[in-house]
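# Descriptive structure summary
Each chain, letter by letter, is given below.
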Number of protein chains: 2
Amino acid sequence: MSPETRREQLVALGVRLLSTRSLEELSIDVLAEEAGISRGLLYHYFGNKRDFHRAVVRSAADDLIRVTAPVHDGEPLERLARSLDAYVGYVEESYAGYVSLVRAAASGDEDLREIYEEARAALTDRIFDAADAAADAGGVLESLRLADTAAVRLMVRGWSAMVEDTVIAWVREPQGVNRDDLLRMLAAALPGVLSGAP
Amino acid sequence: MSPETRREQLVALGVRLLSTRSLEELSIDVLAEEAGISRGLLYHYFGNKRDFHRAVVRSAADDLIRVTAPVHDGEPLERLARSLDAYVGYVEESYAGYVSLVRAAASGDEDLREIYEEARAALTDRIFDAADAAADAGGVLESLRLADTAAVRLMVRGWSAMVEDTVIAWVREPQGVNRDDLLRMLAAALPGVLSGAP
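Residues numbered from 1 in each chain as written. Chains lettered and ligands numbered in written order. Predicted model: local features only at pLDDT ≥ 70, side-chain atom pairs only at ≥ 80, totals over all residues. Heavy atoms only, no water.

### Points about the overall build of chain A
- The helix and strand inventory of chain A stands at ten helices and zero strands.
- The order of helices and strands in chain A, counted from the N terminus, is α-α-α-α-α-α-α-α-α-α.
- With the C-alpha coordinates aligned to their principal axes, the bounding extent of chain A is approximately 60 × 40 × 30 Å.
- Across the 198 residues that make up chain A, the buried fraction comes to 50%.
- Relative to all contacts within chain A whose residues are 6 or more apart in sequence, the contacts with residues 24 or more apart total 70%.
- Carbon and sulfur atoms make up 48% of the accessible area of chain A, which amounts to about 9200 Å² in all. (Helix = DSSP H or I, 4+ residues; strand = E, 2+ residues; numbered from the N terminus. Buried < 20%, exposed > 50% of the residue type's maximum accessible area, 1.4 Å probe, protein only. Contact = heavy atoms within 4.5 Å. Areas by Shrake-Rupley, 256 points an atom, 1.4 Å probe, with all protein chains shown as cover.)

As structure tokens, then:
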């Protein structure tokens, strides 16, 4: 097995471990024990704990971007709802790791913040990306008859913060709100949030 | 001057200092220098840096709750807009300190998180608080003909996360969006976010 393949396997193991524990709890020691190899060998692959965390968070962010990739058929808001469905599924499966990523980004680690912002931008940029839209149905903005302005971008960013906070709160404690209602509310909230755009 | 009054003065100084620097940058050393008293005396008042930070954040949260106190006249959404106006003003004046509070809460310090959640709950609870509403105009939910359900509470929580993220992003870089448009969009977003509630 090439060193590169071995490193990829270790990162994948790190991502799996991150789904049930926080970034602080994900140490080189924990990885070494789970992988059944020595700490020394892990330092050979990752240099230090911070590089290891960066590689794991990068990979987790790539997974998130991949699983929520837009579908290309259906009406714009229906496609948005399906992308949200995949996002909720991701947070359900990787709750601890995802919360840990959000917290790490907020805590001021610039590298982790950058990876997080990139993942969030990838999710929201799709709303503006005409290339993602099916040729006959147009994009989300087009269906709402909105131009791509700074005000609209600011509010779409706000909508994505709302989605993140709401989904984390719901996965932690659904309070009797069912999944379909959640998805419907989040999708309906986008045109709602944009309703006051000039 | 009583020790209690002196301590309050020092906390107020801490809050002022927090408006232009982050919590990490707000050390006992910085406070001692600005207050012109010894570090030893400060440890007498606060015990340790963490207690000092808790007192400052508690006081900043109280300020936020106070300046955004709901007004009692006008239509529900107009009152909401005025409360948002005060909130934006607070973030403008205390940008670094406020961002620092949000980050500290996200980073996992449970005490700071609790104070932050309490401040946020105080802001959103007003939307459900009939006692805050002018007798003739009713509350925000009433004006939207919505019942106080778990789904509605979840989405109001999401709206407040959106407001926080959007206002911080706008104060950092307005991108040509003017203040009135921002306030109008944030107020219109509440009924928008709730439009999909079952």
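Read on for the rest.
### Quick notes on the interface of chain A and chain B
- Contact with chain A, which involves 35 residues of that partner, is made by 35 residues of chain B.
- Across the chain A/chain B interface, buried area totals approximately 2700 Å², and carbon plus sulfur atoms make up 67% of it.
- Counting the surface chain A buries against chain B, the share from its top three residues, Arg103(A), Leu154(A) and Met185(A), is 22%.
- Across the contact surface, chain A and chain B share four salt bridges.
- Among the salt bridges present, the one from Arg157(A) reaches Asp165(B), with a minimum N-O distance of 2.8 Å.
- Across the chain A-chain B interface, the total number found is four residue pairs in polar contact (both at pLDDT 80 or more).
- Where the side of chain A that touches chain B is concerned, the elements lending two or more residues are helix H6 (95–106), helix H7 (110–128), helix H9 (150–172) and helix H10 (179–194) of chain A.
- Per-element accounting of the side of chain A that touches chain B gives the leading share, 14 residues, to H9(A).
- A class-by-class count of the residues in the side of chain A that touches chain B yields 19 nonpolar, eight polar and eight charged. (Buried area = accessible area lost by both parts, 1.4 Å probe. Salt bridge = Lys/Arg side-chain N within 4 Å of Asp/Glu carboxyl O. Polar contact = N/O pair within 3.5 Å; in protein donor to acceptor, adjacent residues only side chain to side chain. Nonpolar A, V, L, I, M, F, W, Y, C, P; charged D, E, K, R; others polar.)

### Let's talk about the relation of the copies chain A and chain B
- When chain A is brought onto chain B, the operation consists of a screw motion whose angular component is 180° and whose axial shift is 0.0 Å, with 0.0 Å RMSD remaining. The operation mapping one copy onto its partner corresponds to a two-fold rotation axis. Ranked by how close their C-alpha atoms come to the rotation axis, the residues of chain A are headed by Gly192(A), at 1.7 Å.
- The overlap is high: 100% of the interface residues of chain A also sit at the interface in chain B, so the same surface is used on both sides. (Least-squares fit on C-alpha atoms with pLDDT ≥ 70 in both.)

### Structural notes on helix H6 (residues 95–106) of chain B
- Across its twelve residues, H6(B) extends 17 Å between first and last C-alpha, which sits within 8% of the 16 Å expected from 1.5 Å per residue.
- Counting buried residues in H6(B) gives nine out of twelve residues, a clear majority hidden from the surface.
- Regarding H6(B), the residues found buried are Gly97(B), Tyr98(B), Val99(B), Ser100(B), Leu101(B), Val102(B), Ala104(B), Ala105(B) and Ala106(B).
- Packed against the buried residues of H6(B) are H6 of chain A together with helix H1 (3–18), helix H4 (49–67), helix H5 (76–93), helix H7 (110–128) and helix H9 (150–172) of chain B. (Expected span 1.5 Å × (residues − 1).)

### What about the packing of aromatic side chains?
- Following the criterion strictly, the structure yields six aromatic pairs over all chains and no others.
- Ring geometry for Phe46(A) versus Phe52(A): centroids 5.1 Å apart, planes at 55°, classification tilted. By the burial criterion, Phe46(A) is buried, and Phe52(A) matches it.
- Between Tyr87(B) and Tyr98(B) the ring centres are 5.9 Å apart and the planes differ by 85°, which places this aromatic pair in the edge-to-face class. With a gap of eleven residues between them, Tyr87(B) in helix H5 and Tyr98(B) in helix H6 connect regions that are remote in the sequence.
- On the accessibility criterion, Tyr87(B) (5% relative accessible area) is buried.
- Feature note: the residues Tyr87(A), Tyr90(A) and Tyr98(A) constitute an aromatic cluster, connected by ring pairs. (Phe/Tyr/Trp six-rings, centres within 6.5 Å; stacked < 30°, edge-to-face > 60°.)

Don't take any of this as a statement about function, it's just geometry.
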